[in-house]
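Residues per chain are reported as follows:
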Amino acid sequence: SDFGVPTALALVAEVERRHKRGEVKTEVEFRKALAEGVEAALKKGNSDPALRFNRSGPTVLLVVGVNGAGKTTFIGKLSAAFQKEGKKVLLGAADTFRAGAIDQLRVWAERAGVDFVGGAPGSDPASVAFDAVEAGITRGADVIIVDTAGRLHTSDDLMTELRKIHRVIGKRLPEAPHEILLVLDGTIGQNALAQARTFSAAVPVTGIVVTKLDGTAKGGIVVAVHETLDVPIKFVGLGEQIGDLEAFDAGEYARELVEA
Ligand code: GDP
């Protein structure tokens, strides 16, 4: 399930310990013990799946991750969920590098029925992020979600750009962004761990979104990512449709993971 070696060994050791104590004898007990081990690992440390909201103004969410991870789709689904709750949402398209990224986000904004701010292709992403926060404040948005590029000429360029966007948002609204959500494709195995390390070295990631768990991938990598970064998993993506988003539940995830 892509747990990775250290996590897998720790889980095995825990089940063995419980077997020696006589608690695990049957296959059903084995699966239950394994699920409990996974759930406990996910609930250790920084593990609250709830989003942190700003109590005294708009909440700014910065969304990062490589191209194809599912950032745009996630933002679309989350916007629709907020919109349903009666929150006023504004999307900022700060991926000005990839042709089509701005339009793709605009389409999701229309689909979800939320407000949208995008610069011209090739314009400075940090200034688009600034404008989005500015517009959100002026227009009375409850939540401002800023999309970012997932690829530039080099990884260093991308990380420098993300740092700049992060800084500029904080200049316009102190304490923002209130969340930095890293979107990881749940089907890419151990590569997700490398991505998690790279992004969190550039900006202080506060939550993980794991996408594409509707397929065959079990996404065991979430445990390794949580343990490595000490950051909570906040959402899982379960498809390409607007309603295919779930708040992360460690217990439910663990039980589904060990199902036969
Ligand atoms: P971005 O480049 O990070 O913005 O990624 P996109 O949001 O454009 O998604 C890349 C591809 O993955 C698209 O074809 C999406 O429809 C698909 N996708 C995104 N999230 C999910 C998911 O949870 N499940 C499935 N099956 N596909 C997804």
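This text goes with the structure placed above it.
Every value quoted in this text rests on a predicted model; they were computed, and no experiment measured them.

Colleague: What am I meant to see in the environment of A41 here?
Modeller: With respect to the secondary-structure elements, A41 resides in helix α2 (residues 27-43). Along the sequence, A41 and A132 sit 91 residues apart, while their C-alpha atoms lie 37 Å from each other. Excluding its chain neighbours within four sequence positions, the residues that come into contact with A41 are V223, H226 and E227.

Colleague: Can you walk me through a negative patch on the surface in this structure?
Modeller: A cluster of acidic side chains, namely E246, D249, E252, E256 and E259, defines a negative patch on the protein surface. Within the secondary structure, E259 is located in the segment after α9 (250-257).

Colleague: When you look at the site of the ligand in this model, what are you seeing that I'm missing?
Modeller: In the region of the ligand, 17 residues are neighbours, and G68, T72, T73, D214 and E240 sit closest. In the environment of the ligand, an oxygen atom lies 2.5 Å from a nitrogen or oxygen atom belonging to the side chain of T72. For the ligand, an oxygen atom lies 3.1 Å from a polar atom in the backbone of G239. Protein chains shield 79% of the accessible area of the ligand, which is 580 Å² for the free molecule. A per-element tally of the shell around the ligand places helix α3 (residues 71-84) first, with four residues. Grouping the amino acids of the shell around the ligand by side-chain chemistry returns three nonpolar, eight polar and six charged.

Colleague: Help me out: how do you make sense of the sheet that holds strand β6 (residues 207-211) in this one?
Modeller: Note on sheets: strands pair through backbone hydrogen bonds, and any given pair is parallel or antiparallel. In space, the eight strands of this open sheet follow the order β3-β2-β4-β1-β5-β6-β7-β8, with mixed pairing throughout. One side of each edge strand has no neighbouring strand; the edge strands of this open sheet are β3 (115-118) and β8 (245-247). For this sheet, the mean inter-axis angle between neighbouring strands, taken without regard to orientation, is 20°. For β6 and strand β7 (residues 233-237), the ladder comprises three bridges, and the chain directions are parallel.

Colleague: Please clarify how the packing of helix α5 (residues 125-138) against helix α6 (residues 155-172) should be interpreted in this entry.
Modeller: The packing of two helices is summarised by the inter-axis angle and the distance between the axes. Direction vectors running N to C along α5 and α6 enclose 30°, while the axes themselves pass 8 Å from each other. Our classification of the angle between α5 and α6 gives roughly parallel. In this structure, the crossing between α5 and α6 has a hand that is right-handed. Between α5 and α6, the residues in contact are P125, A126, A129, F130, V133, E134 and I137 and E161, K164, I165, V168, I169 and R172, respectively.

Colleague: Explanation requested: the packing of aromatic side chains in the structure shown.
Modeller: Applying the stated rule across the entire model yields three aromatic pairs. Measuring from centroid to centroid gives 6.0 Å for F53 and F82, while their planes differ by 75°, and the two rings are edge-to-face. One end of the pair, F53, is in the loop between α2 and β1 (59-64); the other, F82, is in helix α3, and 29 residues separate them in sequence. Ring centres 5.4 Å apart and planes at 50° place the aromatic pair F248 and Y253 in the tilted group. A residue is classified by how much of its surface remains accessible, and Y253, at 9% relative accessible area, is buried. Its guanidinium or amino end placed over the ring of F53, K87 lies 5.0 Å from that ring's centre, counting from NZ or CZ.

Colleague: Is there a simple way to explain the nonpolar core in this structure?
Modeller: Nonpolar side chains tend to gather and get buried jointly when the protein is soluble and globular. Judged by nonpolar contacts, the single largest core of 59 residues is most densely connected at V38, L42, I169 and I208. Every residue in contact with I208, bar those within four places of it in the chain, is listed here: L182, L184, V225, L229, V231, P232, I233, K234 and F235. Membership of the second largest hydrophobic core comes to 25 residues, among which are I75, I102, L105 and A109.

Colleague: Explain the packing of helix α1 (residues 5-20) against α2 to me, please; I cannot follow it from the model alone.
Modeller: Relative orientation of the contacting elements α1 and α2 amounts to 130°, with a least axis distance of 9 Å. Considered as vectors, α1 and α2 are oriented oblique to each other. Read as a crossing pair, α1 and α2 show a hand that is right-handed. Packed against α1, whose contacting residues are L11, V15 and R18, the element α2 presents F30, A33, L34, E36, G37 and V38 at the interface. In terms of residue class, the contact of α1 with α2 is built from six nonpolar, one polar and two charged.

Colleague: Whenever I open this one, the pattern of salt bridges confuses me. Can you help?
Modeller: Think of it this way: side chains of opposite charge can pair up when their charged atoms draw near. Taken as a whole and judged by the stated rule, the model has 15 salt bridges. For the salt bridge of K32 with E36, the shortest nitrogen-to-oxygen distance reads 3.1 Å. In this pair, K32 and E36 both sit in helix α2, four residues apart, roughly one turn of the helix. Classification of E36 as partly exposed rests on a relative accessible area of 29%.

Criteria and thresholds
- Residues numbered from 1 in each chain as written.
- Predicted model: local features only at pLDDT ≥ 70, side-chain atom pairs only at ≥ 80, totals over all residues.
- Heavy atoms only, no water.
- Helix = DSSP H or I, 4+ residues; strand = E, 2+ residues; numbered from the N terminus.
- Contact = heavy atoms within 4.5 Å.
- Patch = residues over 30% accessible without salt bridge, like charges linked within 9 Å, V, L, I, M, F, W, Y side chains within 5 Å.
- Areas by Shrake-Rupley, 256 points an atom, 1.4 Å probe, with all protein chains shown as cover.
- Salt bridge = Lys/Arg side-chain N within 4 Å of Asp/Glu carboxyl O.
- Lys, Arg positive; Asp, Glu negative; His and termini not counted.
- Charge placed at Lys NZ, Arg CZ, Asp CG, Glu CD.
- Near = heavy atom within 4 Å.
- Polar contact = N/O pair within 3.5 Å; in protein donor to acceptor, adjacent residues only side chain to side chain.
- Nonpolar A, V, L, I, M, F, W, Y, C, P; charged D, E, K, R; others polar.
- Pairing = 2+ DSSP bridges.
- Axes fitted to C-alpha atoms, helices over the stretch in contact; angles between N-to-C directions.
- Parallel < 35°, antiparallel > 145°, perpendicular 65-115°, else oblique.
- Left-handed = near helix turned anticlockwise from the far one by under 90°.
- Phe/Tyr/Trp six-rings, centres within 6.5 Å; stacked < 30°, edge-to-face > 60°.
- Buried < 20%, exposed > 50% of the residue type's maximum accessible area, 1.4 Å probe, protein only.
- Lys NZ or Arg CZ within 6 Å of the ring centre and 35° of its normal.
- Core = buried A, V, L, I, M, F, W, Y, C linked by side-chain atoms within 4.5 Å.

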